[in-house]
Amino acid sequence: MSTDEDGGPTFTLSSAFRPGTTADDAVARMVAVLDTQDAAPSIERLRAWMLAAGDVRRGEVCVDLGSGTGTMTRRLASLTGHDGRAVGVEPNGALREVARARAEAVGSIAEFEDGLATAIPFDDGSVDVVWCERVLQHVPEPEVAVAEIARVLRPGGRALLVDSDHDTRVQSDIDPDVGHAIKRAFMGQVANPMAARHLPRQAQAAGLLIDPDVGSSALVFTPEQIGDSDLFRLAADQAVADGLVTPEQADAALRATQESVRAGWAFAAVTVFGFVCRKDWD
């Protein structure tokens with residue numbers, strides 16, 4: 001892994017959204033990815049549905065686990081009000097500082113603390129709502145994190161778990177076999193790439209009750225976003241390094257992608273799922 005002048009790791013598929021990835025370039029790219037996803041209408045629809053199903057109320061204590069730039073922490077704070085608390089728990093110090101600055105800029109009462117999904121800094125039974133969005137895909141031991149979420153919830157508390165299944169990724173205008181190989185290379189760099197499909201089992205093992213209505217939404221990237229993002233190039237390079245495709249196949253896929261971007265019909269998407277889980281009163 002390469003580093004920049006401040007000594008932190010630069011942005012790679014394997015280092016993205018890790019606690020120690022704090023180099024300026026890497027942080028800028030992570031923030032750009034999060035901001036792009038925040039702006040996606042499909043993500044907003046899923047978030048709105050999850051918040052309504054979770055019934056976040058004034059005066060409650062809410063934890064935004066893996067809070068990133070703090071977008072959802074601020075939103076939770078607007079729902080809990082001064083009578084409650086909304087705390088973003090984020091292990092990446094650089095992202096935590098971005099979140100604090102953005103909250104201060106809009107006068108939000110959101111709070112931010114250091115902490116891991118596998119070691120949440122709250123007492124047993126002290127939290128009403130845990131929001132955890134697209135975090136467990138980056139956690140090597142997601143079952144430990146889900147058990148931690150269950151531990152901190154009060155009886156009647158809700159865990160609002162939103163995550164991706166990267167095996168659902170689709171992209172237009174490239175050879176299907178090459179596309180599958182590049183997707184395999186991408187998934188090999190993600191700690192828990194099929195996070196969403198495992199959540200029902202993990203939640204049940206942690207003693208949580210899962211609402212039967214499961215939300216889902218395709219995170220669809222615009223042609224401009226596909227053209228501007230270097231994630232596909234990084235995945236193609238990784239596929240070559242893994243011996244899954246030849247350099248010529250990777251170059252052809254990249255050319256086809258850019259041609260579809262210029263033509264305006266480029267399409268890429270991944271499915272995101274939302275689970276409402278509840279801690280029983282017993």
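Residues numbered from 1 in each chain as written. Predicted model: local features only at pLDDT ≥ 70, side-chain atom pairs only at ≥ 80, totals over all residues. Heavy atoms only, no water.

## Notes on the layout of surface pockets
Turning to step 1, where the next piece is worked out: When its volume is computed, the largest pocket comes out at roughly 930 Å³.
Turning to step 2, where the next piece is worked out: Taken together, 50 residues make up the lining of the largest pocket; nearest its centre are Phe17, Arg134, Val135, Gln137 and His138.
Turning to step 3, where the next piece is worked out: Put simply, the parts of the chain that give the lining of the largest pocket at least two residues each are helix 1 (24–38), strand 1 (61–65), helix 3 (71–80), strand 4 (127–133), strand 5 (153–171), strand 7 (215–221) and strand 8 (268–279).
Turning to step 4, where the next piece is worked out: With four residues, helix 1 is the largest single contributor of residues to the lining of the largest pocket.
Turning to step 5, where the next piece is worked out: Reported here for the second largest pocket is a volume of approximately 740 Å³.
Turning to step 6, where the next piece is worked out: What lines the second largest pocket is a set of 28 residues, among which Arg169, Phe221, Ser229, Leu231 and Phe232 lie closest to the centre.
Turning to step 7, where the next piece is worked out: Its residues assigned to classes, the lining of the second largest pocket comprises 15 nonpolar, seven polar and six charged. (1 Å grid on protein atoms, 1.4 Å probe; cavity = no way out; pocket = protein on both sides within 12 Å on 5 of 7 lines; lining within 4 Å. Points joined across faces, edges and corners; volume = space filled by probe spheres on them. Helix = DSSP H or I, 4+ residues; strand = E, 2+ residues; numbered from the N terminus. Nonpolar A, V, L, I, M, F, W, Y, C, P; charged D, E, K, R; others polar.)

## A short note on the side chain of Ser260
Turning to step 1, where the next piece is worked out: Along the chain, Ser260 falls in helix 10 (residues 247–263).
Turning to step 2, where the next piece is worked out: Other than its neighbours up to four places away in sequence, Ser260 contacts Asp173, Trp265 and Ala266. (Contact = heavy atoms within 4.5 Å.)

## Brief notes about the pairing of strand 1
Turning to step 1, where the next piece is worked out: Most of strand 1 sits out of view: five of its five residues are buried.
Turning to step 2, where the next piece is worked out: Because side chains alternate across strand 1, one face comprises the buried residues Val61, Val63 and Leu65, and the other comprises Cys62 and Asp64, equally buried.
Turning to step 3, where the next piece is worked out: Sheet topology places strand 1 next to strand 2 (residues 85–89); five bridges connect them, and they run parallel. When the sheet's bridge partners are listed, Asp64 is paired in strand 2 with Gly88.
Turning to step 4, where the next piece is worked out: On the question of chirality, the crossover connecting strand 1 to the parallel strand 2 by way of helix 3 is right-handed. (Buried < 20%, exposed > 50% of the residue type's maximum accessible area, 1.4 Å probe, protein only. Pairing = 2+ DSSP bridges. Right-handed = clockwise from strand over helix to strand, strands pointing away.)

## A word on helix 2 (residues 41–54)
One turn of an α-helix holds 3.6 residues; hence residues three or four places apart share an orientation.
Turning to step 1, where the next piece is worked out: Its 14 residues give helix 2 an end-to-end C-alpha distance of 20 Å, which sits within 8% of 20 Å, the value for a rise of 1.5 Å per residue.
Turning to step 2, where the next piece is worked out: Every buried residue of helix 2 is accounted for by Ser42, Ile43, Leu46, Arg47, Met50, Leu51 and Gly54. What you see down the axis of helix 2 is that its buried residues fit within an arc of 165°, all on one side. Turned more than 90 degrees away from the buried face of helix 2 sit Pro41, Arg45 and Ala52, all of them exposed. (Expected span 1.5 Å × (residues − 1). Arc of directions from axis to C-beta.)

## Points about the packing of helix 5 (residues 142–152) against helix 7 (residues 195–205)
Turning to step 1, where the next piece is worked out: Between helix 5 and helix 7, whose axes approach to 9 Å, the crossing angle comes to 50°. The angle between helix 5 and helix 7 falls in the class oblique. Of the two elements, helix 5 crosses helix 7, and the hand of that crossing is right-handed. Two secondary-structure elements touch here, helix 5 through Pro142, Glu143 and Val146 and helix 7 through Leu199, Gln202 and Ala203.
Turning to step 2, where the next piece is worked out: For the contact of helix 5 with helix 7, the residue count by class is four nonpolar, one polar and one charged. (Axes fitted to C-alpha atoms, helices over the stretch in contact; angles between N-to-C directions. Parallel < 35°, antiparallel > 145°, perpendicular 65-115°, else oblique. Left-handed = near helix turned anticlockwise from the far one by under 90°.)

## So, the environment of Val135
Turning to step 1, where the next piece is worked out: Topologically, Val135 is positioned in the loop between strand 4 and helix 5.
Turning to step 2, where the next piece is worked out: Using a relative accessible area of 12% as the deciding quantity, one classes Val135 as buried.
Turning to step 3, where the next piece is worked out: Spatially, the C-alpha atoms of Val135 and Ala48 are 18 Å apart, while their sequence positions differ by 87 residues.
Turning to step 4, where the next piece is worked out: In this view, Val135 contacts Leu65, Gly66 and Asp163; residues no more than four positions away in its chain are not counted.

## Thoughts on the confidence of the model for the protein chain
Turning to step 1, where the next piece is worked out: Taken over all residues, the pLDDT of the protein chain has a mean of 94, while the share at 70 or more is 96%.
Turning to step 2, where the next piece is worked out: Low pLDDT, under 50, characterises residues 1–9; the predicted model gives this stretch 21 contacts beyond four residues in sequence or across chains. (pLDDT = per-residue confidence, 0-100.)

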